[in-house]
Every structure is written in C-alpha cells, then in structure tokens.
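Residue strings, one per chain:
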Amino acid sequence: MQQWLEFAEEIVIKGGFIYLPLLLDADITREIQDPRGNLRPQPDNTVITIAGEPFVKTLSLASLLENYEKIHPVPYEHLRKTCLQQYGCDPERNDSLTDNQISTMVFEVLPHFLRRTSGLARAGFTEAEILEIVAKHIQVSEFDVKQADQLLELESRQNLLARLDAALTTQPTPPEGRISGPRLNHWFRQALKWKIVRQEKNRLQDLLAERRQLAQRGHYLPLLRALDRRGQLEVEGFGFFRTGVSKEYIIYKHTGEYALKDYYGRIYLFPDCRVAVSTLGGLQPMVLDRYKHPFLFGYAARQKICTGDYEATRQFNAKNVILALEEGINALFYGYNSRRRNGYHSLDRITQHVRTVDFDEYRIPADHPKIISGQVEIKNQYH
C-alpha cells in the first residue's frame, strides 16, 4: 500500500473515503452518465466528479488505520518499534506479571481440583491460600526477586506516560479534497504513529493501575515471576506445562488407578494416566501418556478420548477447561457399559480373532487387596 500511495498522482478524499480516478470505457460511461453526459445519481456517492473528472469510492481511511497491522504486519511492526523507541519505550520489554493463561489455570482451574484436608470441605480457596500451596512446588531464585522489584518500580513508567500523553495533544486531521499520493502517505504514517502511541499510553495506564494493586501483595511477586519463567506446575494431580509453540499449554489431571468390570463381572485394574487438553486447537480431551482403554482407538500417547455428545470448544476459559477435563475423565471412568460392550473395544473377548488392543493383563481377582480395601473403585459397577 505504501508504494501505491507514493506513486499515485491524484487522489480525492471525501467523507473519510479515498476516491481514485475512474478510467472510463463505453460500458462504464453508459452506466454512470445520462445521454447528456451528466453523472447519474450514485448510491452512497460511489462515483463523484471533481472538475468534470469522475472518481470512484474505494477504502475508508478509518478502515485502513484499523486493519493495517493485520494486512501488513512486518512494516507495521517496524514502524511500531521505531515510534516507541523515539519516546524512550522499549518495544521488546515484557511488563506482564505472568501469562494470562497461567493466571487462569492457577487461580481459577487449580482450585476446582484441590481438596481440603481439614475444615469446611466445600469452602473455596483464597488467593493467598492458593499461592501458599503453589509456593511448596516452585523454587524462587534471586533473579525472580530482582524482576519482582523491577515490576514495582513506577517512577520511570509514570515519566514515560507523561511523554506519551504530551505526544497525543494533537491528532493528525484527515485530509479532504484533492491530494497527492505522497501527501496522503505522510498523513497516514503520522496517523499510524498517533494510534501506536495512544495504544501504548492505554497499556501503560492499565499497567500502572495493576502495579499499584500488586504493591499490596508484593511478597508474592517473586513466586509469580518464577511460575511464569518456569511455565509448568503440578499440584495434587493437576498440572500444566508450556510447550513453547505459540504459548501453547497442555493442562492435565491425573486419573489415579481405577477399575472397570466386563460383561462377566470380571475386574480390570487400569493404571493412572493424565487426561489433558491443549490451549491451541480446541479443548478436546485426550490422554497424554501411552494408554489403552475401550474409549481409545489404539494403544498410544496423545489419543483423543471418545466423549459421546460432548463438543469441544476453542474458547479458553476456566469453565471450559474444567468441563473438558471432567468430560474426558468421566468417559474413562463411567462411559464403558459392560453389558453393551460399547466403545472401540470390549474388555472381554467376543471372538477368537487376534485383537488390536487386549486388556487381559489388566484383569485382577475380585479379592485383590486394592479392591477389598476400597483403595481402588470399580467405576462402572452399576452398568
């Protein structure tokens, strides 16, 4: 687009829209002009005439400003960095306390899977209690402490905010009428810079408000920075880890050992596995580890779990993550009906043919100590 503007000899701006010279042929002339050569009425000023020359409406200036970042990401990013450096900003600086996804997983998803060992079993966990639990699983380094101190330093950011605010006193006025391409290109770049500065100002304002709140719980900041740096956590069978691919996280919950019974009432002891979802590509329940089960197609890792009518969603939030994990776990625990032998495979042999997935090694006697003691529950007992 920049090259197009540089070489455009004449452009008309009217009502916030760019009009370009309309090249006439016989068909276009008959469509826009009456027999006397006058311009026919045009809906929404699609075609206008300036000094007898026709111009056709194309794009709006507002739309170009709004979508330039998406259409031309590389030159926009170059302009953003140059512009921010001009005002003393570091475009590469990571001011975030922690990844938003980590905050959701730690403060919203994790508490759902925690169980109190004493007190009111149904009482919720406070933020302080959650952080105390997390602290037992995360090692904080001197680097994390130093970063936390830097996050609470506000004076430099306040000075930067004042500089940005001063740069926004005058917004570039959109041109009107006839204009050359280079002149429009100059206005466009100035308008883009003004937008970039405004976005950075808004970000800094939000950041300062967040930092003032964080100052009230400053002793927890090194822990949160350590958690963000590490990108993984496991507490009481619930956990997550960052894969390094576009901020993807794998979120999982251990099932623990459980038992299922077959058509004849025989018992099968299934080992622990991790039921997981990915934050990329939809919250579809899967098993992380190499595993076999009637509701898994094969005997491999990262298999999708057959969850019946459940439809995975791509929207990442605590509610959807919890629902997806529980749907996957419940499918493994309660989905197999011993009488209907539903699923990809049956626990017991129906034919003498060799089966691709066999569960004979999981079969245990009814008086197995783990069953008798109640340590392991037969999940499909009432099917």
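Just above, that's the structure.
Now for a look at the structure at hand. Everything numeric in this text was worked out from a predicted model, so none of it was measured.

**Structural notes on helix 7 (residues 142-151)**
Asp-144, Ala-148 and Leu-151 are the residues of helix 7 that are buried. Relative to the axis of helix 7, the buried residues are bounded by an arc of 55° and lie together on one face. Exposed side of helix 7, more than 90 degrees from the buried face: Glu-142, Lys-146 and Asp-149 are the residues found there.

**Digging into the pattern of salt bridges**
As enumerated under the stated definition, the model contains 13 salt bridges in all. A salt bridge links Glu-77 to Arg-80, with the nearest nitrogen and oxygen atoms 2.8 Å apart. Taken as a pair, Glu-77 and Arg-80 lie in helix 4 (residues 73-86) at a separation of three residues, close to a single helical turn. By relative accessible area, which is 29% here, Glu-77 ends up partly exposed. Of the charged contacts in the structure, one is a salt bridge between Asp-144 and Arg-229, with a shortest N-O distance of 2.6 Å. Of this pair, Asp-144 sits in helix 7 while Arg-229 sits in helix 10 (residues 221-230), and the two are 85 residues apart along the sequence. Among the residues examined, Asp-144 registers a relative accessible area of 0% and is labelled buried. For Arg-229, a relative accessible area of 42% puts it in the partly exposed group.

**Digging into the nonpolar core**
Of all hydrophobic cores here, the largest spans 34 residues; its most connected members are Val-106, Val-134, Leu-233, Phe-238, Phe-240 and Ile-251. At the level of elements, helix 5 (100-113), helix 6 (127-135), helix 10, strand 6 (232-235), strand 7 (238-242), strand 8 (249-254) and helix 11 (318-334) are the ones that each hand at least two residues to this core. The dominant element in this core, judged by the number of residues it contributes, is helix 5, at six residues. Once residues within four sequence positions are removed from consideration, Ile-251 is found in contact with Met-105, Phe-238, Gly-239, Phe-240, Val-275, Ala-276, Val-277, Thr-279, Phe-316, Val-321 and Leu-325. With 30 residues, the next largest nonpolar core counts Ile-18, Leu-20, Leu-61 and Leu-192 among its residues.

**Comments concerning the sheet that holds strand 2 (residues 17-21)**
Reading across the sheet, the five strands line up as 3-4-2-1-5 and stay open at both edges, with antiparallel pairing between neighbours. Whereas interior strands pair on both sides, the edge strands pair on one side only; in this sheet they are strand 3 (47-50) and strand 5 (177-179). Strand-to-strand, the axes of this sheet are offset by a mean angle of 40°, without reference to chain direction. Pairing of strand 3 with strand 4 (residues 53-60) involves four bridges; the strand directions are antiparallel. Residue pairing for strand 4: Thr-49 is matched across the bridge by Pro-54. Where helix 3 (residues 61-71) meets the sheet, it contacts strand 1 (11-14), strand 2 and strand 4, and its direction lies at approximately 35° from that of strand 4.

**Thoughts on the pairing of strand 4**
The pairing of strand 2 with strand 4 spans four bridges and is antiparallel. Residue pairing across strands places Tyr-19 opposite Lys-57, the latter belonging to strand 4. Hairpin connection between strand 3 and strand 4: a loop of two residues separates the two successive antiparallel strands, and Ala-51 in this loop has a positive phi of roughly 55°.

**Re the sheet that holds strand 7**
Strand order in this open sheet of six strands is 6-7-8-11-12-13, and the pairing throughout is antiparallel. Each end of this open sheet is capped by a strand with a single partner; those strands are strand 6 and strand 13 (303-304). Pairing of strand 8 with strand 11 (residues 274-278), which is carried by five bridges, proceeds in the antiparallel orientation. In the strand pairing of strand 11, Ile-250 is matched with Ser-278. Of the strands in this sheet, strand 6 and strand 7 touch helix 10, which is tilted by about 65° from strand 7.

Conventions used here
Per chain, residues are indexed from 1 in the order of the written sequence. Given that this is a predicted model, residues contribute local features only at a pLDDT of at least 70 and side-chain atom pairs are listed and counted only at 80 or more, while totals for whole chains, interfaces and linings are drawn from all residues. Computation of side-chain values covers all heavy atoms of the structure but excludes hydrogens and water. Burial classes follow relative accessibility: with a 1.4 Å probe on protein chains only, a residue under 20% of its type's maximum area counts as buried, one over 50% as exposed, and anything between as partly exposed. Helix and strand definitions follow DSSP, with helices as H or I runs of at least four residues and strands as E runs of at least two, each counted in order from the N terminus. Relevant arc is that of directions from the helix axis to the C-beta atoms, nothing else. Salt bridges are defined by distance alone: a side-chain nitrogen of Lys or Arg within 4 Å of a carboxyl oxygen of Asp or Glu. Grouping buried Ala, Val, Leu, Ile, Met, Phe, Trp, Tyr and Cys residues that are joined through side-chain atoms within 4.5 Å yields what is termed a nonpolar core. Residue contacts are defined here by distance: any two heavy atoms, one from each residue, within 4.5 Å place the two residues in contact. At least two DSSP bridges between two strands are needed for those strands to be called paired. Each axis is a line fitted through C-alpha atoms, taken for helices only over the stretch in contact, and angles between the N-to-C directions span 0 to 180 degrees.

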